[in-house]
Amino acid sequence: EAVARDFSSAVKRAAREKSKVVVLEAAGASFSAGGDLAFIEKNMTRPKAALSPLMRRFYGAFLSIRALPQVTIAKMQGAAVGAGLCLALACDLRVVVDDAKLGFNFVRLGLNPGMAAWPLARAAFGDARARELLFTGRPFSGRDLHAWGGACALAKTPLELDGVCAELAGRVASGSAESLRLLKAETRIGGDLSL
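Residues numbered from 1 in each chain as written. Predicted model: local features only at pLDDT ≥ 70, side-chain atom pairs only at ≥ 80, totals over all residues. Heavy atoms only, no water.

## A word on the sheet that holds strand β4 (residues 93-97)
Alright, step 1. Spatial strand order, β1-β2-β4-β7: four strands in an open sheet with parallel pairing. The open sheet has two edge strands with one neighbour each: β1 (21-25) and β7 (153-155). Across the sheet, the mean angle from the axis of one strand to that of its neighbour is 20°, orientation sign disregarded.
Alright, step 2. Where β4 meets β7, three bridges bridge the pair, whose relative direction is parallel. (Pairing = 2+ DSSP bridges. Helix = DSSP H or I, 4+ residues; strand = E, 2+ residues; numbered from the N terminus. Axes fitted to C-alpha atoms, helices over the stretch in contact; angles between N-to-C directions.)

Here is the structure:
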C-alpha cells in the first residue's frame, strides 16, 4: 500500500513536468515481480463488497500512469509477471530484454486477474492470444512479447537495453510536444478499465 501511494505521488509529480517522455524502469534486476501476495492474502478474507473498492484504489494507483500527458515507455528486464506485467502494458510503449521472464500468473496462483489484465492484454496481443495467456498463465519471454507486437524494441542484454530505450525515447521526444500530447490522449485505452 505504501508503494502504491508513492507511485501515485510520483505520477502526479511527473504530470506537472514539461517533459515529452517518461521512462518507467526498475531499480533492480527485474521490472516487477507483481503484486504483494501477503497484501492480497491478508485481504482475501474481507467480504467482496469491501474488497472490490480497496483493490480498485490499490490497482488504480499504479494504473494512474495511463493518465500522464507524456508518452510512457516501460523499460523491461528480468521478470515482469502478474500485476507487474500489467503495469508495463499500461505504458504507451515497451522496450524489453530478449530473455525477460514474463507472464500473467494470476490463475496459477488462484487469483482473479486484476489490474486491468484483460483489457491491457487484449490491447497488446489481440483477443485470442490475450485469452490464451490469461487462461493458461504460461510464462513467455521478452522475445515473444516483441514478436507478438507487445514491445516495439528488443535488446539482447540489460546493458544494451539502456541504449535501445534512450534511442526510442529520443525519437519520440523529437516530435512536437503539442502533437504528442494530443496523440497520447487519442490513443489512450478508452473508458474505465475493469481492474
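## Some points on helix α6 (residues 127-136)
Working note: α-helix, 3.6 residues per turn, so residues spaced by three or four point in the same direction.
Alright, step 1. Looking at α6, one finds that the buried residues are Ala130, Leu133 and Leu134. Around the axis of α6, the buried residues are gathered within 95° of arc, so they sit on the same side. Among the exposed residues of α6, those pointing more than 90 degrees away from its buried face are Ala128 and Phe135.
Alright, step 2. The inward-facing, buried residues of α6 abut α5 (117-125) and β6 (140-141).
Alright, step 3. Gly137 occupies a position one or two residues after α6 and carries a positive phi of about 70°. (Buried < 20%, exposed > 50% of the residue type's maximum accessible area, 1.4 Å probe, protein only. Arc of directions from axis to C-beta. Contact = heavy atoms within 4.5 Å.)

## Thoughts on the pairing of strand β2 (residues 71-76)
Alright, step 1. Buried residues dominate β2, accounting for six of its six residues.
Alright, step 2. Burial along β2 is two-sided: Val71, Ile73 and Lys75 and Thr72, Ala74 and Met76, pointing in opposite directions, are all buried.
Alright, step 3. As defined by bridge partners, β2 adjoins β4 across four bridges and the pair is classed as parallel. When the sheet's bridge partners are listed, Lys75 is paired in β4 with Val95.

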